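Here's the letter readout for the chains.
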Amino acid sequence: YCARAGIRSLILSPQGAGGQVSYTNEVENYPGFSGTGAELAEKMYKQAQSSGVIFAGEQAQEIRRTADMWEVRTRRGRYRAKAVIVATGASPRKIGAEGEERLTGAGVSYCATCDGAFYKGKTVMVVGGGNTAFSDALYLSRFCSRVYLVHRSENFRASKVLTERVRACGKILIRTNETVEKIQGETAVKSVVLKHTLSSRISVAETEAVFAAVGREPQSGLVRGICTLDENGYIVTDEKMRTDKPGLYAAGDVRNTPLRQIITAAADGAVAAEDLAQNL
């Protein structure tokens, strides 16, 4: 949208185009598209590039205001722009269990579509009660022998459709009112210690992988102290994606939005681009 408006546009992204979309196994709620997230990200990348957008594989390390311009610093140098759209997304939240850090990458994962294939025919565990957790459990049930779905209460945040699919899947065993206290194993995950939230009863479940899906934390550190954030750290914007600092916008999962989906993130970007094009 920026490039089509004749604005010289640069995207700073250290891990390529797409962000979280690239790690989504199946996209079924984006109008007119059916396929993997990586395929959709590639289509978006090529379309943006053909419109004249410049991509740089760099990590933004600092944003600051200088006179009438914004300056973004990376390890390689500095970029100056009249407007900046922050679309840094949100990262997976940790479970907070003993052994989680030590076994990350050795059975503890935050991306079922990235690492699930390593556990074909094995027992795995998904922790969480939202759409991501339920989608991950369904995805893993395609090739894992058993999938535990552990949630701290009996109330799920997942949609009715996903909840019904999970309950109907014979490979998925839902365990409610339980929290993960400890992830056990010397060099790889072997079992998990669970605590019942009502009775405090301790039990052990054998599993070869733990997939955490307990929410996300906004990657808003770049603008902390620059613009207003809400109590959870999400960037506060108005309906035109404007922060309370002129020329600074936010789009997607990093801002305070009631729905965090590909379609709403794309819409945020379009709204921000249209507004900044009119005000440059």
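Since the structure is predicted, the reported quantities are computational estimates derived from the model, not experimental observations. (Residues numbered from 1 in each chain as written. Predicted model: local features only at pLDDT ≥ 70, side-chain atom pairs only at ≥ 80, totals over all residues. Heavy atoms only, no water.)

1. A word on the overall build of the protein chain
In step 1: In terms of helices and strands, the protein chain carries five helices and 17 strands.
In step 2: The C-alpha atoms of the protein chain give a radius of gyration of 21 Å, which matches the 19 Å a tight globule of 280 residues would have.
In step 3: Taken over the C-alpha atoms alone, the protein chain extends approximately 60 × 40 × 35 Å along its principal axes.
In step 4: Carbon and sulfur atoms form 47% of the exposed surface of the protein chain, whose accessible area is close to 15300 Å².
In step 5: The positive charge centre, built from 37 side chains, and the negative charge centre, built from 30, are 2 Å apart in the protein chain. (Helix = DSSP H or I, 4+ residues; strand = E, 2+ residues; numbered from the N terminus. Rg over C-alpha atoms; globule rule 2.2 N^0.38 Å. Areas by Shrake-Rupley, 256 points an atom, 1.4 Å probe, with all protein chains shown as cover. Lys, Arg positive; Asp, Glu negative; His and termini not counted. Charge placed at Lys NZ, Arg CZ, Asp CG, Glu CD.)

2. What about helix H3 (residues 131-140)?
In step 1: Counting buried residues along H3, seven of its 10 residues qualify, which places the element largely inside the surrounding structure.
In step 2: In this fold, the buried residues of H3 make contact with helix H2 (112-115), strand S9 (123-127), strand S10 (146-150), helix H4 (160-168), strand S11 (172-175) and strand S15 (210-212). (Buried < 20%, exposed > 50% of the residue type's maximum accessible area, 1.4 Å probe, protein only. Contact = heavy atoms within 4.5 Å.)

3. Details of the packing of aromatic side chains
In step 1: Counted under the stated rule, the structure contains four aromatic pairs.
In step 2: When the centroid spacing of 5.0 Å and the interplanar angle of 70 degrees are considered together, the rings of Phe134 and Phe156 count as edge-to-face. Of this pair, Phe134 sits in helix H3 while Phe156 sits in the loop between S10 and H4, and the two are 22 residues apart along the sequence.
In step 3: Lying over the aromatic face of Tyr234, Arg260 brings its terminal NZ or CZ to 3.9 Å of the ring centre. (Phe/Tyr/Trp six-rings, centres within 6.5 Å; stacked < 30°, edge-to-face > 60°. Lys NZ or Arg CZ within 6 Å of the ring centre and 35° of its normal.)

4. Structural notes on the sheet that holds S9
In step 1: The strand order S8-S15-S9-S10-S11 describes an open sheet built from five strands, whose pairing is parallel. What marks the edges here is a single partner per strand, and that holds for strand S8 (108-109) and S11.
In step 2: Sitting on the sheet, H3 touches S9, S10, S11 and S15, and the angle it makes with S9 is about 170 degrees. (Pairing = 2+ DSSP bridges. Axes fitted to C-alpha atoms, helices over the stretch in contact; angles between N-to-C directions.)

5. Re the sheet that holds strand S13 (residues 191-196)
In step 1: Read from one edge of the open sheet, three strands run S12-S13-S14, paired in antiparallel fashion. Of all the strands in the sheet, just strand S12 (178-184) and strand S14 (202-206) have a single pairing partner and so form its edges. Within the sheet, the average angular offset between the axes of one strand and its neighbour, ignoring direction, is 30 degrees.

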